[in-house]
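Each chain, letter by letter, is given below.
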Amino acid sequence: MASLSIRSVSKAFGANKVLDDVSAEIGTGAFVTLLGPSGCGKTTLLRIIAGLVEADGGEILMDDTNVTRLEARRRGIGMVFQSHALFPHMTVLENVGFGLRMRGVPRQERDRLASEALALVHLRDFGRRYPQQLSGGQQQRVAIARAVVFKPRVLLMDEPFGALDRKLREALQIELRRMTRELGITTIFVTHDQGEALILSDRIALMQAGRLVQIGTPAEVFRQPQTRFAAEFMGVENFFAAQILGSDADGTALACGAARLLSRVQAKLPAGGGIAVGIRAEDIALSDDAHPVNGTSGEVRDVVYHGNTWTISVSSAMGEIVCTTQAGAAANPPANPGETVQLAWRPDAVLVIPDP
Amino acid sequence: MQRLLTRLAVALTLSFILAPILIVIATAFGEASYVQFPPTGLTLKWFAAAARRPEFQSAGWTSLWLAASSTAIATPFALAAAIGLVRGRFRGRDAIQTFLTSPMIVPGIVISLALLVTSAALGVRSDLRLLGAHVLLTLPYLTRSLIASLLRSDTLIEDAAYTLGASRLQTFLIVTLPGLYEGLLAGMLFALIISFDNVSISLFLASAKSNTLPLAVLSYVEFNYDPSIAALSTVLIVVSIASALVLERAVGLRAALGK
Ligand SMILES: Nc1ncnc2c1ncn2[C@@H]1O[C@H](COP(=O)(O)OP(=O)(O)OP(=O)(O)O)[C@@H](O)[C@H]1O
Ligand SMILES: [Mg+2]
């Protein structure tokens, strides 16, 4: 229930620059996911926000109050650690009630609230157990209950669903989304999983090597990745170097070697500029049309079956192209290696990436 | 064949270690008025004789008091030192750690002499100097054991406690300390045994009033050679084994040795 401002935060461990001028404004009650590869500084950023690590430079503000020098315990931030960090010699109920105990909530009230929080993560009957007597996924859920039970102003979650199977994960995603919305808790949620990020977030922040490379709504980040890294992280497989021929309200005309492409995206860039073009594999289809608006032809190199889909690699004049097609009920591959095929894609599938 | 040889080797090694102890125990029950092996007859009179001797009584109390109070004094220091050494980040940490555990390595006789000279120069009372020396003696065992359990404990649970609103003191008392219980218990038991068993330091620093049990035994056997000494030793052996068992039961010897 507080807004959060991260202003020019940097941090180095020795010579290793882990965070480099990270800034973000997160509104009250917003749900932001932090998405990035391993080692890019996600945990470090959370620890700085929580007050467990001191930044080398920059400021953290909560509701416009500077908390950069405030002790962790006074920030009222709930944190779910990547490794759960449950207290091993306390029962599950005592673990969950710890934050309330530190706030002087009397025993009975504490136990009642802790039980409620446990019910929220589907662990109502586990209060008497010790953490070692739980599975990894159950421990993770206890850690979540412990971090939310005292209604923190800001909730930081470091890959809290890592050890869960898909069904439970999806159930808890919905539960978490509902809970943070209801309570209006400002949340930063770290994940490796772009699918999870798209489902949960109001906004997605993409991080690469200690820098925030893009922050935007799920649709923005999915449809308009600003860098090649962002595009790759959001699941774009095909990239081509391209030149802008012209841009108007309808879209952008591009030259990609000898091929001509049309994109629906309006490039806010001058003609003649070199950019990159990205196309998702699932947006490319095998076509019967010999001259589609967007497309190319090439020789099939490889065909791989994935159950629901086929992945086809095609060697074309534009370069190597990967496309996936729905498999349907037919067991036959849609194309065979050595065959020449025509590929086509719609103009709105062509993503213009200003920073290749 | 191979297995047989292994077992034989184990049996020989064990008997090499255990035989002298078993012989001492056996002689404690002999009728003869000198230490005799194999013993003849069966009696408990030497236990009674040992218990009646005033020099053993007072020395026994001195030793117990010394072991208990030196451990009690050393424990908080060892705890503070271990926390500083494991959690702290400062220059010379390794050097201080080595220095703190040095009484385990430096020959007891050297330490004893050094303490004797120093305490004489400072004019320290003899019972206090003995206590001080035993604190010094037990400190490294406690520190080492606590360092081992602190290294095993997870610093993230402390971080979790901070984010949940706990102060540093609360975190230490409620979150960290319960995890150190094993190391603390092991270290304290070791400290008690080390102090109780020590000869060299006590030899230099004890006065006639503050004679310890090992010293009393030493001076007794200079002039007497009756089985009351064996009886006393038997009691000490039983107590040692009992504490080892308690330790094993409570925490496992492996943890106790800081492995
Ligand atoms: N206490 C520390 N001392 C030294 N280096 C550290 C420390 N903590 C983190 N690092 C380094 O900082 C970098 C970022 O670490 P961080 O834990 O923030 O990554 P992450 O994005 O959370 O990765 P993951 O997804 O694997 O959890 C890494 O190179 C790591 O080795
Ligand atoms: Mg991490």
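Enquirer: Lay out the overall build of chain B with the relevant residues and their values.
Expert: Within chain B, the secondary structure is distributed over twelve helices and zero strands. Reading the secondary structure of chain B in the N-to-C direction produces α-α-α-α-α-α-α-α-α-α-α-α. With respect to the three principal axes, the spread of C-alpha positions in chain B is 70 × 65 × 30 Å. Sorting the 259 residues of chain B into buried and exposed places 39% on the buried side. Relative to all contacts within chain B whose residues are 6 or more apart in sequence, the contacts with residues 24 or more apart total 72%. Computing the positive centroid from 18 side-chain charges and the negative centroid from 12, chain B places the two 4 Å apart.

Enquirer: Account for the site of ligand 1, with residues named and values stated.
Expert: Residues and elements named next belong to chain A. Around ligand 1, a shell composed of 13 residues is seen, among which S38, G39, K42, T43 and T44 lie nearest. One nitrogen or oxygen atom from the main chain of G41 is found 3.0 Å from an oxygen atom belonging to ligand 1. Within the side chain of K42, a nitrogen or oxygen atom sits 2.8 Å from an oxygen atom of ligand 1. Burial of ligand 1 by the surrounding chains reaches 60%, relative to a free accessible area of 640 Å². Of all the secondary structure elements, the ones that give two or more residues to the shell around ligand 1 are β2 (16-26) and α1 (42-50). Tallying contributions element by element places α1 first for the shell around ligand 1, with three residues. By residue class, the composition of the shell around ligand 1 is three nonpolar, eight polar and two charged.

Enquirer: Hey, could you go over a nonpolar patch on the surface for me, with residue numbers and the actual values?
Expert: Nonpolar side chains collect at one region of the surface, where V10, L14, F16, I17, L18, I21 and L22 of chain B lie side by side and expose about 680 Å² of accessible area between them. Considering the arrangement of structural elements, one finds L18 of chain B in helix α1 (residues 2-27).

Enquirer: Tell me what's going on with the interface of chain B and chain A, and back it up with residues and numbers.
Expert: At the junction of the two partners, chain B supplies 15 residues and chain A supplies 22 residues. Buried area between chain B and chain A, summed over both chains or domains, comes out near 1,600 Å², and the portion from carbon and sulfur atoms is 70%. Broken down residue by residue, the surface that chain B buries against chain A is led by T163, L164 and I174 of chain B, which jointly contribute 41%. Linking chain B with chain A are one salt bridge, by the criterion used here. Put simply, R47 of chain A and D159 of chain B hold a salt bridge, and the shortest N to O gap is 2.8 Å. Taken together, the connections running from chain B to chain A amount to four residue pairs in polar contact (both at pLDDT 80 or more).

Enquirer: Before we move on, could you go through the pairing of strand β3 (residues 31-35) of chain A and cite the residues and values that matter?
Expert: Residue and element names in this part refer to chain A. β3 sits mainly inside the fold: five of its five residues count as buried. Both β3 and strand β8 (residues 186-191) contribute to a ladder of five bridges, which runs parallel. Its bridge partner lying in β8, L34 is registered against V190. Bridge count between β3 and strand β9 (residues 203-208): four bridges; the pairing is parallel. The residue of β9 that forms the bridge with T33 is I204.

Enquirer: Any chance you could break down the sheet that holds β8 of chain A for me, citing the residues and the numbers?
Expert: Residue and element names in this part refer to chain A. In space, the six strands of this open sheet follow the order β6-β7-β8-β3-β9-β10, with mixed pairing throughout. A strand with exactly one partner marks an edge of an open sheet, and here the two such strands are β6 (77-80) and β10 (211-216). Put simply, the sheet's adjacent strands are angled 15° from each other on average, direction ignored. Relative to the sheet, helix α5 (residues 166-183) contacts β3, β7 (154-158) and β8, its axis offset from that of β3 by approximately 135°.

What counts and how
- Residues numbered from 1 in each chain as written.
- Chains lettered and ligands numbered in written order.
- Predicted model: local features only at pLDDT ≥ 70, side-chain atom pairs only at ≥ 80, totals over all residues.
- Heavy atoms only, no water.
- Helix = DSSP H or I, 4+ residues; strand = E, 2+ residues; numbered from the N terminus.
- Buried < 20%, exposed > 50% of the residue type's maximum accessible area, 1.4 Å probe, protein only.
- Contact = heavy atoms within 4.5 Å.
- Lys, Arg positive; Asp, Glu negative; His and termini not counted.
- Charge placed at Lys NZ, Arg CZ, Asp CG, Glu CD.
- Near = heavy atom within 4 Å.
- Polar contact = N/O pair within 3.5 Å; in protein donor to acceptor, adjacent residues only side chain to side chain.
- Areas by Shrake-Rupley, 256 points an atom, 1.4 Å probe, with all protein chains shown as cover.
- Nonpolar A, V, L, I, M, F, W, Y, C, P; charged D, E, K, R; others polar.
- Patch = residues over 30% accessible without salt bridge, like charges linked within 9 Å, V, L, I, M, F, W, Y side chains within 5 Å.
- Salt bridge = Lys/Arg side-chain N within 4 Å of Asp/Glu carboxyl O.
- Buried area = accessible area lost by both parts, 1.4 Å probe.
- Pairing = 2+ DSSP bridges.
- Axes fitted to C-alpha atoms, helices over the stretch in contact; angles between N-to-C directions.

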